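# Structural characterization, general
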Amino acid sequence: MSLTTLKAGSFTIRGRSLGGFYTGLHIPELNALLDVGTALRTGAGSRNLFLSHAHADHVGSLPGLLGMRGLVGVPHTLRVFMPRETVEGVTKALEHLSLVHRWSLAIDVVPMEPGQVERVKGDLYVRAIKTLHPVPSLGYVFFRKIKKLREEFKSLPGSEIGRLRHSGADIFDELERLEFGYATDTLPEVLANNPELFKVKTLILECTFLDDRKSVKAARAGCHIHLDELLPLMDQFENERVVLMHFSQIYSPNDVRAIFEKRCPEHQRERFKLFVPDGEEWWD
Ligand SMILES: [Zn+2]
Ligand SMILES: [Zn+2]
C-alpha cells in the first residue's frame, strides 16, 4: 500500500508517517503539505508546505517534491513555512542541489517563530507554536478569523445592521475559529503549553511509543510522546478528531491498533484515529 487516506472531521489526511523513517501528509482542505519526509505525488501541486523541523524523516524528500512540481509544471512556487533557524541550511542545500540538478529548486520561504501568525488563504490563518525537540521545531495551529455581531447590536433589524456595516461602524467582534492543529516530534508538554491544541476541530499529534517496549524515560530522552503520558490527559481533548501518527517501527500496524484499543478508555475511542495502513505491513 502506497498511501493511507483518513477522513478526520472535515479534513482529509493522506500520506505516510513512520517515526524516524518518514512523515509526509497532504491536507487538501488546507491546500497544504505537512512535512516532506516522503514526497507525495498526490498533493505535489499544493500551494503550501509546513515543516515541523529539519530532521531527515520530515524534510529529506523536499528536493524530490520540487522535482515533481517542475516536471508537471506547477504554476506557482511552493511556499514553505519553517522554523526561522532552519531557513539558511535548507536554502543552501537547495541551492547546491539546484547546481547539480541544473534546474532551479526554488521555494518561497516563510520563516516562522512561536506565536507568529501568517495568512494562508482567504480567512484562513496559521499560528506557529513551540514544540519541544532537540533541534529548532514548530507546530502549527490553523484558524479562521470570523466576525461576530456584538451583543448590543443583536436586537437591531437586519436593515439597520446593514446600514451600520456599510457606514463602517465597529459593530463586530473578531473571533478565531480553531480548525486544525499539527504537533509532532515533541514532548507532551506542548499540549499544556498550548491548550488551544485541545480545542482545534482536528488535531494531528505524534504518539511514537505505546507501551513498555520503550520506557517513558527513553521516549522523553528522544523528545517524543509516549502513550503513558497521553492517557492521563485524555479527558482534556475536546477535539472532534485526534489523529495519532509517527508511530515507531518497533510496532506493526496491527500492534498499534491492538495496543491502543486495549489502553484507550472506551468513552474516548471514537475521538481518536490512528494513522496506520490497513493490514500488517507499514507502507514499505
Ligand atoms: Zn520524526
Ligand atoms: Zn525529529
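What this report covers is the structure whose coordinates are included nearby. Every chain's residues receive numbers from 1 upward, in the order its sequence appears when written. In the order they appear in the text, chains get letters beginning with A and ligands get numbers beginning with 1. Since the coordinates come from a predicted model, pLDDT governs what is reported: local features require at least 70, and pairs of side-chain atoms require 80 or more to be given and counted, while whole-chain, interface and lining totals use all residues. Side-chain numbers come from the whole structure's heavy atoms, not from hydrogens or water.

## Observations concerning the coordination of the zinc ion (ligand 2)
Excluding water, the donors of a metal are its N, O and S neighbours within 2.8 Å, or within 3.2 Å for Na, K and Ca, and that exclusion means sites may look incomplete. Around the zinc ion (ligand 2), the protein contributes the donor atoms His-53 (NE2), His-55 (ND1), His-133 (NE2) and Asp-185 (OD), at 2.2 to 2.3 Å from the metal centre. Think of it this way: with four donors and all angles in the 85 to 135 degree range, the site is tetrahedral; with four or six donors, opposite ones beyond 155 degrees and the rest between 65 and 115, it is square planar or octahedral; otherwise it is irregular. In this structure, the zinc ion (ligand 2) is coordinated by 4 donor atoms arranged in irregular fashion, with angles at the metal of 90 to 170°. Motif for the zinc ion (ligand 2), donor spacing along one chain: H-x1-H-x77-H-x51-D. A distance of 3.7 Å spans the gap from the zinc ion (ligand 2) to the zinc ion (ligand 1), which Asp-185 bridges by coordinating each metal. You can see His-55 sitting in the loop between β5 (48-50) and α1 (56-59) and its partner Asp-185 sitting in the loop between β11 (172-183) and α5 (189-193), a full 130 residues away along the chain. Each residue gets one of three labels from its accessible area relative to the maximum for its type: buried under 20%, exposed over 50%, partly exposed in between, using a 1.4 Å probe on protein chains only. Take His-55: its relative accessible area is 28%, and that puts it in the partly exposed class. Helix and strand assignments follow DSSP, with helices taken as H or I runs no shorter than four residues and strands as E runs no shorter than two, numbered in order from the N terminus.

## Some remarks on the coordination of the zinc ion (ligand 1)
For the zinc ion (ligand 1), the full set of protein donor atoms is Asp-57 (OD), His-58 (NE2), Asp-185 (OD) and His-246 (NE2), at a range of 2.2 to 2.3 Å. For the zinc ion (ligand 1), the 4 donor atoms in the first shell make angles of 92 to 155° at the metal, a pattern classed as irregular. One chain supplies every donor to the zinc ion (ligand 1), and in sequence these donors are spaced D-H-x126-D-x60-H. With relative accessibility at 0%, the residue His-58 sits in the buried group.

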